[in-house]
Amino acid sequence: MAGPMKIRATAQGGVADIRVLMSHPMETGQRKDNAGNLVPLHFIQNLTVKLNDKIVIEGQISQAVSRNPVFSFRVKGGKTGDKVEISWLDNKGETNKTEAAVA
């Protein structure tokens, strides 16, 4: 079960620095629960970053990323007031999306 994302985006010198905290369990499929049963895979597969509705980053992620991952990006052309949108899709079909303005 995924939770909200938190974004911090700032601009300096024509570059937007974007940092996002994603609330997600990111299960590897190798951990066992208290009963000794394997916890099934559950991880973010696809990540998309948009700046002013234009895709600037698309990536694939695997189960090797830790729980509640934090990602940082630097995007040329970003300026104060621009809209940043970050979305993801996980291996169970769940999605999450959030947006913020560049400060």
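What this report covers is the structure whose coordinates are included nearby. (Residues numbered from 1 in each chain as written. Predicted model: local features only at pLDDT ≥ 70, side-chain atom pairs only at ≥ 80, totals over all residues. Heavy atoms only, no water.)

For the rest of this paragraph, the subject is the packing of aromatic side chains. Taken as a whole and judged by the stated rule, the model has one aromatic pair. Each ring, one from Phe71 and one from Phe73, has its centre 6.4 Å from the other, and the planes form 15°; the classification is stacked. (Phe/Tyr/Trp six-rings, centres within 6.5 Å; stacked < 30°, edge-to-face > 60°.)

The next thing to look at is the pairing of strand E7 (residues 95–101). Both strand E6 (residues 83–90) and E7 contribute to a ladder of seven bridges, which runs antiparallel. Along E7, the bridge assignment pairs Ile86 with Thr98. Two successive antiparallel strands, E6 and E7, enclose a turn made up of four residues, where Gly93 displays a positive phi of approximately 85°. (Pairing = 2+ DSSP bridges. Helix = DSSP H or I, 4+ residues; strand = E, 2+ residues; numbered from the N terminus.)

All right, on to the side chain of Asp90 then. Residue placement: Asp90 occurs in strand E6. There is no salt bridge for the buried Asp90, and the closest opposite charge comes from Lys92, which lies 7.3 Å off by N-O distance. A polar contact of 3.0 Å, which involves the side chain of Asp90, links it to the side chain of His24. One polar contact links the side chain of Asp90 to the main-chain amide nitrogen of Glu94, over a distance of 2.9 Å. (Buried < 20%, exposed > 50% of the residue type's maximum accessible area, 1.4 Å probe, protein only. Lys, Arg positive; Asp, Glu negative; His and termini not counted. Salt bridge = Lys/Arg side-chain N within 4 Å of Asp/Glu carboxyl O. Polar contact = N/O pair within 3.5 Å; in protein donor to acceptor, adjacent residues only side chain to side chain.)

This part is about the sheet that holds E7. What the four strands build is an open sheet, ordered E4-E3-E6-E7; its pairing is antiparallel. Sheet topology places strand E4 (54–60) and E7 at the edges, where each strand pairs with a single neighbour. The sheet shows a mean angle of 15° between the axes of neighbouring strands, direction not considered. (Axes fitted to C-alpha atoms, helices over the stretch in contact; angles between N-to-C directions.)

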